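Examination of the molecular architecture
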Amino acid sequence: MRVVIAEDSVLLREGLTRLLTDLGHDVVAGVGDAEALIKTVGDLAAGGELPDVVVADVRMPPTHTDEGVRAAVRLRKEYPGIGVLVLSQYVEEQYATELLAGSSRGVGYLLKDRVAEVREFVDAVVRVAQGGTALDPEVVAQLLGRSRKQDVLAGLTPREREVLGLMAEGRTNSAVAKQLVVSDGAVEKHVSNIFLKLGLSPSEGDHRRVLAVLTYLNS
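Residues numbered from 1 in each chain as written. Predicted model: local features only at pLDDT ≥ 70, side-chain atom pairs only at ≥ 80, totals over all residues. Heavy atoms only, no water.

Let us look at the packing of helix H8 (residues 173-180) against helix H9 (residues 184-197). As a packed pair, H8 and H9 sit with axes 8 Å apart at the nearest point and diverge in direction by 110°. The angle between the axes of H8 and H9 places the two elements in the roughly perpendicular class. When the axes of H8 and H9 are compared, the crossing they make is right-handed. Here H8 contributes Asn173, Ser174, Val176 and Ala177 to the contact with H9, which in turn contributes Asp184, Val187, Glu188 and Val191. (Axes fitted to C-alpha atoms, helices over the stretch in contact; angles between N-to-C directions. Helix = DSSP H or I, 4+ residues; strand = E, 2+ residues; numbered from the N terminus. Parallel < 35°, antiparallel > 145°, perpendicular 65-115°, else oblique. Left-handed = near helix turned anticlockwise from the far one by under 90°. Contact = heavy atoms within 4.5 Å.)

Laid out in structure tokens, this is it:
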């Protein structure tokens, strides 16, 4: 797979590059800030060489706050086919939720401690590059926030479980309707029932879809 790495720590950036290269992957670029990341991906896309996945630190220069995750969100909007895996020192709920909003397809959020687990980390990068999801267990636990029972999905009907499973693949309501050969209205009704049964109130807005998917992934 073709990878772009965005990490302001030279040692970590070079380490990730060596790790992925040694396993046969192609690290096409390594940059140290969000602006360079966006420009690099744009240049590669213009040349018909869009990378399969971007691995980016959440916090990068100049302010070391949210430049990395904002760049990741922007890249997901501009290049839907690219996978994005962000690394963070700590679980930052706001950033994780923003990254996952809309679709969990081709997205990952891992704590940097996971990089030490080489095989686990590389598997996560590959999974995201292929359109899957890679979420750190601690990220899932914090985003869910509430104490949920192990059988939280038990109240869903088979069809609602099927709809939720397709949502977890990153499909829109229209795509779910097409897959199940039902109307958009029927899917919207199922989604509303899912939110209700999982205790996700309307006040949580767009975050409800993210939380519902995370509940499914954690079940």
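Here the narrative resumes, following the displayed structure.
As for its position among the elements, tyrosine 79 is in the loop between helix H3 (67-78) and strand E4 (83-88). Considering only alpha carbons, one finds tyrosine 79 and threonine 97, 18 residues apart in sequence, at a separation of 19 Å. With residues near it in sequence (within four places) discarded, tyrosine 79 still touches Val41, Gly42, Ala45 and Leu50.

By the definition in use, this model includes 10 salt bridges. Where lysine 39 meets aspartate 43, a salt bridge forms, and the shortest distance between an N and an O atom there is 2.9 Å. In this pair, lysine 39 and aspartate 43 are both assigned in helix H2 (residues 34-46), 4 residues apart and thus about one turn of the helix distant. Arginine 70 is the partner of aspartate 66 in a salt bridge, and the nearest nitrogen-oxygen pair spans 2.6 Å. Among the residues examined, arginine 70 registers a relative accessible area of 41% and is labelled partly exposed. Several salt bridges share partner residues, and in doing so they unite Glu7, Asp57 and Lys112 into one network. (Salt bridge = Lys/Arg side-chain N within 4 Å of Asp/Glu carboxyl O. Buried < 20%, exposed > 50% of the residue type's maximum accessible area, 1.4 Å probe, protein only.)

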